[in-house]
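Descriptive analysis of the structure
One letter stands for each residue in the lines below.
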Amino acid sequence: MSDVKSARPLSPHLSIYRFSPTMAMSIVHRITGGALYVGTLLLVWWLVAAASGPDAFSTASAVFGSFIGQLVLFGYTWALVHHMLGGLRHFAWDMGHADSKETSTKLAVATLVGSVTITVVLWLGILIFG
C-alpha cells in the first residue's frame, strides 16, 4: 500500500446531507414496497381461505374484520396508494419531467398528501357505501 494520499475527495456521508422531503419519500417508497410484500401475503391467505371453505373463510374474515385487521388493511391500502404515486413520480423523472429541485420537492410532498387523501377517501367510500 502506498503512503501517498489520494487527491480524490472522500464519498459524501449522510451527515453532510440536509434531510429533504424527496429523501424521506425515497425511504418511505422502499418501506412501502416491503409492506406490500407482507400485505400481499395476507391477501393470498384471504383468497386461499375463500377457496378452502366456509370455516377457513370465516376465520380470515374475523381477523380482517377486527380492529387490528382493519388497521392493517388501512395501512396496506395507504402503502399501495403511496407506492403507486411514488412509482408515477419516478416514471415522470424517467421521462425527463419534473426533475428540478423545487418541482421534485413539491412532488414528494404531493405524494404524501395525495396518498393519505386517496386512502381516506377510499375508506370513507367503503364505510359510507359499504
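Scoring rules and cut-offs
Residues numbered from 1 in each chain as written. Predicted model: local features only at pLDDT ≥ 70, side-chain atom pairs only at ≥ 80, totals over all residues. Heavy atoms only, no water. Helix = DSSP H or I, 4+ residues; strand = E, 2+ residues; numbered from the N terminus. Buried < 20%, exposed > 50% of the residue type's maximum accessible area, 1.4 Å probe, protein only. Areas by Shrake-Rupley, 256 points an atom, 1.4 Å probe, with all protein chains shown as cover. Contact = heavy atoms within 4.5 Å. UniProt positions renumbered as here; feature names shortened; annotations may be inferred. Phe/Tyr/Trp six-rings, centres within 6.5 Å; stacked < 30°, edge-to-face > 60°.

Scanning the protein for helices and strands turns up four helices and zero strands. When its helices and strands are written in sequence order, the protein yields α-α-α-α. Looking at the 130 residues of the protein, the share that counts as buried comes to 21%. Roughly 9600 Å² of accessible area belongs to the protein as shown, and the carbon and sulfur atoms make up 72% of that amount.

To continue, consider unusual backbone geometry. Residue Ala98 is not a glycine yet carries a positive backbone phi of 55°. Overall, the relative accessible area of 26% leaves Ala98 in the partly exposed class.

Glancing now at the environment of Trp45. Mapping Trp45 onto the fold places it in helix α1 (residues 21-52). Placed 15 residues apart in sequence, Trp45 and Ala60 show a C-alpha to C-alpha distance of 7.7 Å. Setting aside residues no more than four positions away along its own chain, Trp45 makes contact with Thr59, Ala60, Val63 and Phe64.

Right, let's get into the UniProt feature "transmembrane region" (unreviewed entry) in the protein. Under the present numbering, the feature "transmembrane region" (unreviewed entry) in UniProt falls on residues 27-48, 60-81 and 107-129. Between the C-alpha atoms that bound residues 27-48 the distance is 32 Å, and the span itself is 100% helix and 0% strand. The straight-line gap between the two end C-alpha atoms of residues 60-81 is 23 Å; of that span, 95% is helix and 0% is strand.

The next point concerns the packing of aromatic side chains. Tallied over the full model, the rule gives three aromatic pairs. Arranged with centres 5.8 Å apart and planes meeting at 50°, the rings of Trp46 and Phe57 form a pair that is tilted. Of the two residues, Trp46 sits in helix α1 while Phe57 sits in helix α2 (residues 54-65), which places them eleven residues apart along the sequence. Taking the centre distance of 5.7 Å and the plane angle of 65° together, the rings of Phe74 and Trp123 count as edge-to-face. One end of the pair, Phe74, is in helix α3 (residues 67-94); the other, Trp123, is in helix α4 (residues 101-129), with 49 residues separating them in the sequence. For Phe74, a relative accessible area of 32% gives the class partly exposed. Note on Trp123: relative accessible area 12%, which makes it buried.

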